[in-house]
Amino acid sequence: MTTSQPTDPAGPTAALINGIFIQGFELDDWHSEAPLHSSSIVVPALFSAAAAQNHLSSSSSQSGARVTRADFSLGYLAGLEVGPRVGNVPHADHILTMGWHSGAVFGGSASATTVSKMFSLNAGAIEDALGIACTQSCGLMSAQFESQVKRMQHGFAARNGLFAAFLAKGGYIGIKRVYEREYGGFLDMSSKGMEKEPRFFRMRLWQATHGAVDYVRILQKEHLDMMVDSEGIETERPLTSVGAQMSAAHVAATQIVDRDVMARQFRSGLEEREDGGGVNPELSNEEIVEKWRGLMNGVIDEKRRDEIEKTCLGIEEFDDVMELGTLLAGMMKNVIPQGVGRGFGFFFFCFGKRFWK
């Protein structure tokens, strides 16, 4: 995990880097009704903000209350609520159809809310933070093709919302009524060319990959004798590892052949192999822990994995949330190419039961 001092401009950059790391693979959490990867937005922003606030509280020249576990958890939950709600209003499928990356467009609202709530800002300051975050909203879906930029865009949202909350905390005035302004407001601009009236609604988009794997897993569990033969499975080969992760046919074939869909299944070159190619699932805590352990297999050692797991599941017992940050800050292996990387890892399973989609 990348950290910084509160007066250091690298604070928002740390949120960006950690957001990129969490969203570095299509196995992180995802909201199906208003597509965004919430934890890659709110968790990096929370840790950067908590580190800054705790430094202030321990400084001899400045004062301030330390971030408590309750503050941290409340901010996290607020971000999970606000991001999808903002995305649902302008019909997130419309945003994607127009070529905007939905999570990057309304993810800043989630980040600004989560940090503002953790800082216990008043309603006026939170409105300022949202106004500052929304005016930074952008993200192009063309990033999903040859580039590595798609991985950055939720990190941009984390950084932008954090920066907005810092400014609002310091008294900077943002755009008031940013969502409902008739000229140049968030809803006005994000719904341009949309035939439908903006409203809260349910939709299904991009859940195909998660749903496909879940369906295959159910079939393998209930009809094992019929799911052992992968001969004859053909899928169109994706151009890149990113394309493979977003292909429902490819991930379904991967689950059939390997009986697993983890990062190691998408190492460079595996998309060329010849051996085959959310339906609102409610995962139990035990299933989420099992998923976590599978993701961490070969990435970090078992001792550190168990310590992170214990800390996450017992987060309410820790007075200093940065104890978790310290555990996450070490080196870890990269299971796709050879090498090592630094960042959070896929640890967010613990903060919300059944949030994994």
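The rules behind these values
Residues numbered from 1 in each chain as written. Predicted model: local features only at pLDDT ≥ 70, side-chain atom pairs only at ≥ 80, totals over all residues. Heavy atoms only, no water. Helix = DSSP H or I, 4+ residues; strand = E, 2+ residues; numbered from the N terminus. Buried < 20%, exposed > 50% of the residue type's maximum accessible area, 1.4 Å probe, protein only. Areas by Shrake-Rupley, 256 points an atom, 1.4 Å probe, with all protein chains shown as cover. Contact = heavy atoms within 4.5 Å. Core = buried A, V, L, I, M, F, W, Y, C linked by side-chain atoms within 4.5 Å. Phe/Tyr/Trp six-rings, centres within 6.5 Å; stacked < 30°, edge-to-face > 60°. Lys NZ or Arg CZ within 6 Å of the ring centre and 35° of its normal. Polar contact = N/O pair within 3.5 Å; in protein donor to acceptor, adjacent residues only side chain to side chain. Expected span 1.5 Å × (residues − 1). pLDDT = per-residue confidence, 0-100. Patch = residues over 30% accessible without salt bridge, like charges linked within 9 Å, V, L, I, M, F, W, Y side chains within 5 Å. Salt bridge = Lys/Arg side-chain N within 4 Å of Asp/Glu carboxyl O. Axes fitted to C-alpha atoms, helices over the stretch in contact; angles between N-to-C directions. Parallel < 35°, antiparallel > 145°, perpendicular 65-115°, else oblique. Left-handed = near helix turned anticlockwise from the far one by under 90°. Nonpolar A, V, L, I, M, F, W, Y, C, P; charged D, E, K, R; others polar.

Colleague: What is the right way to read the overall build of the chain from this model?
Modeller: The helix and strand tally for the chain stands at 14 helices and 2 strands. Among the 357 residues that make up the chain, the fraction classed as buried is 53%. Entry remark: accessible area of the chain is about 17,000 Å², with carbon and sulfur atoms responsible for 53%.

Colleague: For this particular structure, what's the right way to read the environment of I95?
Modeller: By the element assignment, I95 lies in helix α4 (residues 92-97). Relative accessible area serves as the criterion here: at 2%, I95 is assigned to the buried category. For the pair formed by I95 and M141, sequence separation is 46 residues and the distance between their alpha carbons is 9.8 Å. When sequence neighbours within four positions are dropped, the list of residues in contact with I95 reads P90, W100, S102, V105, F106 and S190.

Colleague: Where do I start with unusual backbone geometry in this structure?
Modeller: Peptide bonds are, in most cases, trans, and in most cases residues other than glycine have a negative phi. With a phi angle near 60°, S120 is a residue other than glycine that sits in the positive phi range. Mapped onto the elements of the fold, S120 is located in the loop between α5 (102-118) and α6 (123-134). With a relative accessible area of 58%, S120 lands in the exposed category. Even without being a glycine, R177 presents a positive backbone phi close to 50°. Position of R177 relative to the elements: it lies in the loop between α7 (150-169) and α8 (186-190). A relative accessible area of 41% means that R177 is categorised as partly exposed.

Colleague: Got a minute to help me understand the nonpolar core in this structure?
Modeller: If you look at the biggest cluster of nonpolar residues, it comprises 57 residues, and the most contacted ones within it are F106 and M118. No other element matches the 9 residues that helix α2 (residues 39-58) contributes to this core. Leaving out residues up to four positions away in the same chain, M118 has contacts with L46, A49, A50, V67, D71, F72 and G75.

Colleague: How do you make sense of the packing of aromatic side chains when you look at a structure like this?
Modeller: The geometry of two aromatic rings is summed up by the distance between their centres and the angle between their planes. Applying the stated criterion across every chain yields a total of 3 aromatic pairs. Here the basic side chain of K169 rests over the ring of F119, its NZ or CZ set 5.2 Å away from the ring centre.

Colleague: Looking at this structure, how should I read the side chain of D188?
Modeller: Tracing the chain through its elements places D188 in helix α8. Exposure remark for D188: the relative accessible area of 19% places this residue in the buried category. A polar contact of 3.0 Å, which involves the side chain of D188, links it to the backbone nitrogen of G184. Excluding residues that lie within four positions of it along the chain, D188 makes contacts with Y179, R181, E182 and Y183.

Colleague: What am I meant to see in the side chain of S40 here?
Modeller: Locating S40 in the fold gives a position in helix α2. A polar contact of 2.7 Å, which involves the side chain of S40, links it to the backbone oxygen of H37.

Colleague: Hey, could you run me through α7 in this one?
Modeller: Since there are 3.6 residues in each turn of an α-helix, residues three or four apart along the chain are aligned in direction. When the terminal C-alpha atoms of α7 are compared, their 30 Å separation across 20 residues agrees well with the 28 Å that a helix rising 1.5 Å per residue should span. Following α7 by one or two positions, G171 has its phi on the positive side, about 100°.

Colleague: Could you clarify how one ought to interpret the confidence of the model for the chain in this entry?
Modeller: Fine structural detail should not be taken from predicted coordinates in areas where pLDDT scores are low. A residue-level look at the chain finds 72% of positions with pLDDT of 70 or above and a mean pLDDT of 77. Highest mean pLDDT in the chain belongs to α6 (96); lowest belongs to strand β2 (residues 340-342) (39). Confidence drops under a pLDDT of 50 for residues 3-7, and excluding neighbours within four residues, the segment shows 7 contacts in the predicted structure.

Colleague: Would you mind going over helix α12 (residues 285-296) with me for this structure?
Modeller: For α12, with 12 residues, the first-to-last C-alpha span of 17 Å sits near the 16 Å given by 1.5 Å per residue. Those residues of α12 lying buried are I288, V289, K291, W292, G294, L295 and M296. Once α12 finishes, G298 follows within two positions and takes phi at roughly 85°, a positive value.

Colleague: I keep staring at a nonpolar patch on the surface and nothing clicks. Help me out?
Modeller: Residues M98, W100 and L140 make up a contiguous nonpolar surface patch of about 300 Å² in total accessible area. The topology assignment puts M98 in the loop between α4 and α5.

Colleague: What is the right way to look at the pattern of salt bridges in this model?
Modeller: Where side chains of opposite charge bring their charged atoms close, a pairing between them can arise. Using the criterion set out here, one finds 7 salt bridges in the structure. A salt bridge links R66 to D320; the nearest nitrogen and oxygen atoms lie 3.1 Å apart. Owing to a relative accessible area of 40%, R66 belongs among the partly exposed residues under this scheme. Each of the salt bridges in this network shares a partner with another, and the network as a whole consists of E127, D128 and K176.

Colleague: Quick question: what am I supposed to make of the packing of α5 against α7 here?
Modeller: In a packed pair of helices, the relevant descriptors are the angle between the two axes and the axis-to-axis distance. Remark: α5 packs on α7, axes separated minimally by 7 Å, with the N-to-C direction vectors making an angle of 40°. Compared by their axis directions, α5 and α7 come out oblique. The way α5 lies across α7 gives a crossing that is right-handed. Between α5 and α7, the residues in contact are G103, A104, G107, G108, S111, A112, V115 and S116 and Q153, H154, A157, A158, G161, L162 and A165, respectively. Looking at the contact of α5 with α7 residue by residue, the classes come out as 7 nonpolar, 8 polar and no charged.

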